[in-house]
Amino acid sequence: MAARRNPRDRSFDVVLYGATGFVGRQTVAYFARHAKGLRWALAGRSHDKLAALREASGAKGAGLVVADAADAEALDALAADARVVLSSAGPFARYGSALVAACARHGTHYCDITGETPWVRDMIDRHHAEAARNGARIVPCCGFDSVPSDLGAWLAASTLAREHGEACVSVKACFSLRGGLNGGTLASLINILDSGERKRLADPFLLNPAPPKGIDPRRHADPVAPHRDADFKAWVGPFFMGPINTRVARRSAALLSGRGKERIYAPDYHYQEYLRFGGGVAAGLIAAGMSVGMAVGQGALRFKPARWVAEALGPPPGQGPSERTMDRGSFRCELVGVGEKGAVVRGRIAGRGDPGNRATTIFVCESALALARDADTLPGGAGYGGVLTPASALGDVLARRLAAAGMTIEPLA
Ligand SMILES: NC(=O)c1ccc[n+]([C@@H]2O[C@H](COP(=O)([O-])OP(=O)(O)OC[C@H]3O[C@@H](n4cnc5c(N)ncnc54)[C@H](OP(=O)(O)O)[C@@H]3O)[C@@H](O)[C@H]2O)c1
């Protein structure tokens, strides 16, 4: 194992691991445009693929680092020589663990685009204490899952505290989106289901530092039926990414409640999110149909043959939506936060382009750039570390970066 080096003496400011994947290639293109003045590198398991990608993406000044996910020594050397690692090599439960271990050991900041909450739980259990000791900000879930939910919920709650002097009792989010599916995302979903993680996936507080005391978990269970929501003036129903995003937002509330003097969250803080269907009777019927369809689909995927069919019909790893589909995509996350004395704050995070690719690339690249360029102004102060969340690790620094990158972020702290 390499010795731990001062971050100032490392060869690279940012290393993009999984650079040759469908999202990875988009992170390389983003860095080629936005990382001026930074020393950065493309990393993955194949030198030839990395060299061809560097040539094709106009990233001539970038370095190359070869490290297979199964080669712990090569990953250790990679983490020892980088200040920040951005990983898009998934399924993360398959390719991500040794890299996180190396980053925690070397005090190397890390962000990724996983949505695999059981794997994130494992990383917390194995590495939170060491990363906290070494000042490594390990930040999973910096893609579409879960930046809009996590950052949006925190922005709503912190605005209530700052502008109304009230701790937040609840935030609700409501999503509208249009986009496509990546082969890597499908592979990650199938990998979770193959690993028999259903029980952990269903735990509403899976990512909390410790199970919360005196709180009825049923009040925080994932919604299964649609309802007409007065705040959003629309029919809303279960959102397929809610079981990921809500766990991340709840971890943020728990981590931030123990940090600093400001009281942002009430003890029985509640976060929930939904998919928006629209205002009319037809929208209500569609919401009911989709909710039943989602339940049936999830039930069917418990059985291996259904997963084989999904794998055969979906895109393979390395592939994803067409350029046209990605360009025509969009997302919008509306938020309503309520304070303990009844103050209400409304917010919105929205962006153009396929959420799983265009928006995810901006979210995770700006997270890595925040870790690399804004280390001195990040929330928690110098030396703060652990297995964190986008809101607790990056907070308003990330929010301002996303706004500067063209996203709608309201309210902006
Ligand atoms: N948060 C979000 O909103 C969001 C959006 C999209 C995707 N994702 C997640 O991001 C991950 C990647 O998605 P994707 O569509 O980009 O997948 P992908 O195209 O299949 O890319 C997978 C990457 O992993 C690399 N890899 C595979 N085996 C490896 C090994 N043994 N050692 C090192 N690297 C290895 C691949 O390298 P090779 O090129 O050499 O095969 C490739 O770079 C998935 O887990 C997906 O669920 C999240």
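Let us look at the structure shown here. (Residues numbered from 1 in each chain as written. Predicted model: local features only at pLDDT ≥ 70, side-chain atom pairs only at ≥ 80, totals over all residues.)

1. With respect to the sheet that holds strand E5 (residues 109–112)
Taken in spatial order, the 7 strands of this open sheet run E3-E2-E1-E4-E5-E6-E13, and their pairing is parallel. Because the sheet does not close on itself, it has two edges, and the strands there are strand E3 (63–66) and strand E13 (386–387). Pairing geometry for strand E6 (residues 137–139) and E13, over 2 bridges, is parallel. Across the sheet, arginine 137 pairs through a bridge with glycine 386, a residue of E13. Most of the contacts of helix H1 (residues 22–34) go to strand E1 (residues 12–17), to which it runs at about 150 degrees, and overall it touches E1, strand E2 (40–44) and strand E4 (82–87). (Pairing = 2+ DSSP bridges. Helix = DSSP H or I, 4+ residues; strand = E, 2+ residues; numbered from the N terminus. Contact = placed C-beta atoms within 7 Å. Axes fitted to C-alpha atoms, helices over the stretch in contact; angles between N-to-C directions.)

2. Some points on the sheet that holds strand E9 (residues 234–238)
Judged by pairing direction, the sheet is mixed, and its 7 strands sit side by side in the order E8-E9-E10-E7-E11-E12-E14 without closing on themselves. Here the strands that pair on one side only, and so sit at the sheet edges, are strand E8 (227–229) and strand E14 (408–410). Here the strands of the sheet are splayed against their neighbours by 30 degrees on average, with no regard to which way each runs. The pairing of strand E12 (residues 344–352) with E14 spans 3 bridges and is antiparallel. Looking at E14, one finds that alanine 350 is bridged to threonine 408. Sitting on the sheet, helix H11 (residues 281–300) is in contact with E8, E9 and strand E10 (265–278), with an inclination near 0 degrees to E9.

3. Section: the site of the ligand
Surrounding the ligand, one finds 34 residues, the nearest of these being Gly21, Gly90, Gly143, Gly184 and Pro317. Of all the secondary structure elements, the ones that give two or more residues to the shell around the ligand are H1, helix H4 (92–95), helix H8 (183–194) and helix H14 (355–373). It is H8 that contributes the most residues to the shell around the ligand, 4 residues altogether. Here the residues of the shell around the ligand are counted per class, giving 11 nonpolar, 19 polar and 4 charged. Inspection of the shell around the ligand shows a minimum of three residues originating in each of domain 1 (7–143 + 358–397) and domain 2 (147–354). (Near = placed C-beta within 6 Å. Nonpolar A, V, L, I, M, F, W, Y, C, P; charged D, E, K, R; others polar. Domains from an automatic or database assignment.)

4. As for the packing of helix H7 (residues 147–164) against helix H10 (residues 242–257)
Their axes nearest at 8 Å, the elements H7 and H10 cross at an angle of 40 degrees. Judged by the inter-axis angle, H7 sits oblique to H10. Regarding H7 and H10, the two cross each other, and that crossing is right-handed. Contacts between H7 and H10 involve Ser149, Asp150, Ala153 and Trp154 on the former and, on the latter, Asn245, Val248, Ala249 and Ser252. Here the residues of the contact of H7 with H10 are counted per class, giving 4 nonpolar, 3 polar and 1 charged. (Parallel < 35°, antiparallel > 145°, perpendicular 65-115°, else oblique. Left-handed = near helix turned anticlockwise from the far one by under 90°.)

5. Some words on the nonpolar core
Ranked by internal contacts, the top residues of the largest apolar core, which has 115 residues, are Val14, Val15, Leu16 and Ile138. In terms of residue count, H14 provides more of this core than any other element does, 10 residues in total. Residue assignment places this core across two domains, with domain 1 (7–143 + 358–397) and domain 2 (147–354) each supplying three or more. The residues contacting valine 15, other than those within four sequence positions of it, are Trp40, Ala41, Ala43, Val65, Leu78, Ala82 and Val85. (Core = buried A, V, L, I, M, F, W, Y, C linked by C-beta atoms within 7 Å. Buried ≥ 20, exposed ≤ 12 C-beta atoms within 10 Å, placed from the backbone.)

6. Side note on unusual backbone geometry
The linkage connecting glycine 90 with the following residue, proline 91, adopts the cis geometry, with an omega of 5 degrees. Structurally, proline 91 can be placed in the loop between E4 and H4. That bond from aspartate 145 to serine 146 is cis: its omega, 20 degrees, falls within 30 degrees of zero. Take serine 146: it is sitting in the loop between E6 and H7. Even without being a glycine, cysteine 141 presents a positive backbone phi close to 65 degrees. Mapping cysteine 141 onto the fold places it in the loop between E6 and H7.

7. A few points about helix H16 (residues 395–404)
Buried residues of H16: Gly395, Val397, Leu398, Ala399, Arg401 and Leu402, and no others. Where H16 is buried, its residues touch H7, H14, helix H15 (390–393) and E14.

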